[in-house]
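Okay, here's what each chain looks like letter by letter:
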Amino acid sequence: MAASRSWFVPVVSLVLTLALGVVPLPDSVEPLRPDWVAVVLLYWSLLGPRRFSLLTAFWMGLAIDTLSGALLGQNALALLVIVYLADRFHLRLRVFPVSQLAITVFVLLGLYEFILFWIDGIVGRSVPMTERWVPPITGTLVWLAMLFLFDRGQREARARL
Amino acid sequence: MSAPGRTAAGFGRSGFSLGVRFVLLAIVCVALMMLDQRQQHLQRVRQALSVVVYPVRVLVDLPFRTWQSAAVNFTERSALIAENEQLKRERLEAEFRLQRLAALETENERLRQLLDSTERVGLRALVAKILSVDLNPYRQRFDLNRGVTDGVYVGQALLDAQGIVGQIVRVDAFTAEAVLITDADTAVPVSVNRNGLRTIAVGTGDSGRLRLPYLTNSADIKVGDLLVSSGIGGVFPAGYPVGRVVEVRLQPEQSFSEIIAEPASALDRDLEVLLVWNDQPAPGEPKAAAPPAAARLGEASTSKLADAN
């Protein structure tokens, strides 16, 4: 029972996250759209009980690539890198105060965007650099919002570890 | 590095350490990207994956679809009557034009036979809905609700009521990805309707602008000229409106002038587009069997488009 519930929440949150990533937005708000999948994966791998592995990041990345018509493996690689870093250092990061955690998340999201941009550049897809730095900012804000919304549950989860 | 919680399972745990798993998966990613970029070997993989993520597309599209149908359901009766009357009027006009066109088409066909030319006038079309799914904001692309099962193919042209919209760049099982003519990576061979001057219209990445970079300062083109597809290259059917010239700036210091055109079709407002098959046998020959979906839609959508404008 407990096992099935622990599967249900993350899987549903991931599917919703994928959907959020492609929901149409008005043009004026469009550049503000955070990288939902990256934010949620970072949230779970930094704060959650150890739920998402690299393989999840890989499959989610492929799903984004398929949905958005990007180069197959592009988002997968970017997600892999940031989830690996978060996973590798999560014990050290966990003792950080919230402000420093938020900065870490911002840096990781920036790295994510940079890898996407870099690959775009290598394969010669012409994409503008402008406004690429906005999604990491909104992503960090969303991450903070999630932190404050779900903090209690997470603290309990952390206490269990 | 062994976190206490790490052993508490998750998705796809394996015996390898974190670093090894990362390197292996990263190599897979890079290999996928290289295969995807160099050759089109991954078509099947993409199609399989797209079937997996299809529910997500439906999930995203559903609220918008529901909202649209609800909006139709709750429209005022008087508004519906007015709309109905307007549509009737428009239909009458369209039929009137169609009669004339039918005559012209037969005449054209006869003349072409005289000239022993093989150009085909008839086209088969299928209505496709644009899915309310936002793709990469940096590219002018969208998804359609038709795929391999409807006979859609890569390179197929898309039209709307006003003119040429774009072409198909990727086909999955149930969906297809199309690129607009205004995407920075696409170009349409066009000719100026007034004098037949041929050139190429290039996308700008802005859905309201096309560029004509290959016309010299002495070219006979002016603001208001209608650009129609020339059919050269074989992707887009000939004779459909592509855009209208809105700005001609001569650049005396350079040999080419800067010419901007506005797309004829409502690129950012369309909800439905027409997929066009250019492969129909010439009039007179027996018709090729339409794909099942086209047959299901009936006469209304599988209409034979004349060179209308």
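K.L.:
What's the story with the overall build of chain B in this structure? I'm lost.
P.N.:
Regarding its fold elements, chain B presents four helices and twelve strands. Within chain B, contacts between residues at least 6 apart in sequence are counted, and of these 59% link residues at least 24 apart.

K.L.:
Mind showing me how you'd approach the confidence of the model for chain A here?
P.N.:
Should the pLDDT be low somewhere, the predicted coordinates at that spot are not to be read in detail. Mean pLDDT over chain A works out to 80, with 83% of the residues at or above the 70 mark. Across chain A, the element-wise mean pLDDT spans from 75 in helix α1 (residues 2–22) of chain A up to 90 in helix α4 (residues 74–88) of chain A.

K.L.:
I tried to follow helix α2 (residues 43–73) of chain B on my own but got confused; where do I start?
P.N.:
Because an α-helix completes one turn every 3.6 residues, residues spaced three or four positions apart along the sequence face the same direction. Bending of α2(B) peaks at approximately 45° at the position of V53(B), with proline P55(B) no more than four residues after it. If you check which residues of α2(B) are buried, you get R46(B), S50(B), V53(B), V56(B), R57(B), V60(B) and D61(B).

K.L.:
When you look at the confidence of the model for chain B in this model, what are you seeing that I'm missing?
P.N.:
All names here are of chain B. This prediction gives chain B a mean pLDDT of 77; 79% of its residues lie at or above 70. Scored below 50 in pLDDT, residues 1–12 makes 20 contacts in the model with residues more than four places away or belonging to other chains. Taken together, the stretch residues 280–309 has pLDDT below 50 and engages in 43 contacts with residues farther than four places along the chain or on a different chain. The complex model carries a pTM of 0.60, and its ipTM stands at 0.79.

K.L.:
Sorry, what's going on with the sheet that holds strand β3 (residues 157–159) of chain B here?
P.N.:
As a general point, the strands of a sheet are linked pairwise by backbone hydrogen bonds and lie either parallel or antiparallel. All names here are of chain B. Strand order in the open sheet formed by six strands is β1-β12-β3-β4-β5-β2, with antiparallel pairing between adjacent strands. Each having just a single partner strand, β1 (124–129) and β2 (141–144) make up the two edges of the open sheet. Neighbour-to-neighbour, the strand axes of the sheet open up by a mean angle of 35°, direction not taken into account. Sheet analysis places β2 next to strand β5 (residues 176–180), joined by four bridges and oriented antiparallel. Across the sheet, residue R141 finds its bridge partner in β5, namely V179.

K.L.:
Would you explain the pairing of strand β7 (residues 198–203) of chain B in this entry?
P.N.:
Successive residues of a regular strand alternate their side chains across the two faces of the sheet. Residues and elements named next belong to chain B. Here β7 shows a buried face lined by T199, A201 and G203 and an unburied face lined by R198, I200 and V202. Taken together, the five bridges between strand β6 (residues 187–192) and β7 define a ladder with antiparallel strand orientation. What sits directly across from V188, in β7, is A201. Bridge count between β7 and strand β8 (residues 210–211): two bridges; the pairing is antiparallel. Of the residues in β8, the one forming a bridge with V202 is R211. Between β7 and β8, which pair antiparallel one after the other, the connecting turn spans six residues, and G205 there sits at a positive phi close to 90°.

K.L.:
For this particular structure, what's the right way to read the nonpolar core?
P.N.:
If you look at the biggest cluster of nonpolar residues, it comprises 53 residues, and the most contacted ones within it are L41(A), L42(A), L79(A), L80(A) and I82(A). Of all elements in the fold, only α1, α2 (36–47), α3 (54–68), α4, α6 (98–123) and α7 (134–160) of chain A together with α1 (18–38) and α2 of chain B reach the threshold of two or more residues within this core. The dominant element in this core, judged by the number of residues it contributes, is α2(A), at eleven residues. In terms of nonpolar packing, the next biggest core, distinct from the first, is built from 40 residues, F142(B), I168(B), V228(B) and W277(B) among them.

K.L.:
How do you make sense of the packing of α2(A) against α6(A) when you look at a structure like this?
P.N.:
For any two helices packed against each other, one specifies the crossing angle of their axes together with the interaxial distance. Residues and elements named next belong to chain A. Viewed as axis vectors pointing N to C, α2 and α6 meet at an angle of 135°, and their least axial separation amounts to 11 Å. Taken together, the axis directions place α2 and α6 in an arrangement best described as oblique. When the axes of α2 and α6 are compared, the crossing they make is right-handed. The segment α2 lies against α6, with A38, L42 and L46 engaging L101, V105, L108, L109 and Y112. Taken together, the residues of the contact of α2 with α6 sort by class into eight nonpolar, no polar and no charged.

K.L.:
So what exactly am I meant to see when it comes to the packing of α3(A) against α4(A) here?
P.N.:
Residue and element names in this part refer to chain A. Interaxial distance between α3 and α4 falls to 7 Å at its minimum, and their mutual angle equals 150°. Classified by the interaxial angle, the pair formed by α3 and α4 is roughly antiparallel. Handedness of the crossing formed by α3 with α4: right-handed. Contacts from L54, A57, F58, M60, G61, L62, I64 and D65 in α3 reach Q74, N75, A76, L77, A78, L79, L80, V83 and Y84 in α4. The class makeup of the residues in the contact of α3 with α4 is 13 nonpolar, three polar and one charged.

K.L.:
Is there a simple way to think about α1(B) in this case?
P.N.:
Relative to the 30 Å expected for 21 residues at 1.5 Å per residue, α1(B) spans 30 Å between its end C-alpha atoms, a close match to the ideal helical length. Those residues of α1(B) that sit buried are R21(B), F22(B), L25(B), C29(B), L32(B), M33(B) and D36(B). Considered in projection along α1(B), the buried side chains sweep an arc of 105° and stay on one side of the axis. Exposed side chains of α1(B) directed beyond 90 degrees from the buried face belong to G19(B), V20(B), I27(B), A31(B) and R38(B). Taken together, the buried residues of α1(B) touch α3, α4 and α6 of chain A.

K.L.:
Is there a simple way to explain the sheet that holds β8(B) in this structure?
P.N.:
Residues and elements named next belong to chain B. Ordered in space as β6-β7-β8-β11-β10-β9, the six strands form a closed barrel in which the pairing is antiparallel. Taken together, the three bridges between β6 and strand β9 (residues 226–229) define a ladder with antiparallel strand orientation. Looking at the pairing, S191 lines up with V228 of β9.

Rules used in this analysis
Residues numbered from 1 in each chain as written. Chains lettered and ligands numbered in written order. Predicted model: local features only at pLDDT ≥ 70, side-chain atom pairs only at ≥ 80, totals over all residues. Helix = DSSP H or I, 4+ residues; strand = E, 2+ residues; numbered from the N terminus. Contact = placed C-beta atoms within 7 Å. pLDDT = per-residue confidence, 0-100. Bend = angle between axes of the 7 residues up to and from the residue. Buried ≥ 20, exposed ≤ 12 C-beta atoms within 10 Å, placed from the backbone. Pairing = 2+ DSSP bridges. Axes fitted to C-alpha atoms, helices over the stretch in contact; angles between N-to-C directions. Core = buried A, V, L, I, M, F, W, Y, C linked by C-beta atoms within 7 Å. Parallel < 35°, antiparallel > 145°, perpendicular 65-115°, else oblique. Left-handed = near helix turned anticlockwise from the far one by under 90°. Nonpolar A, V, L, I, M, F, W, Y, C, P; charged D, E, K, R; others polar. Expected span 1.5 Å × (residues − 1). Arc of directions from axis to C-beta.

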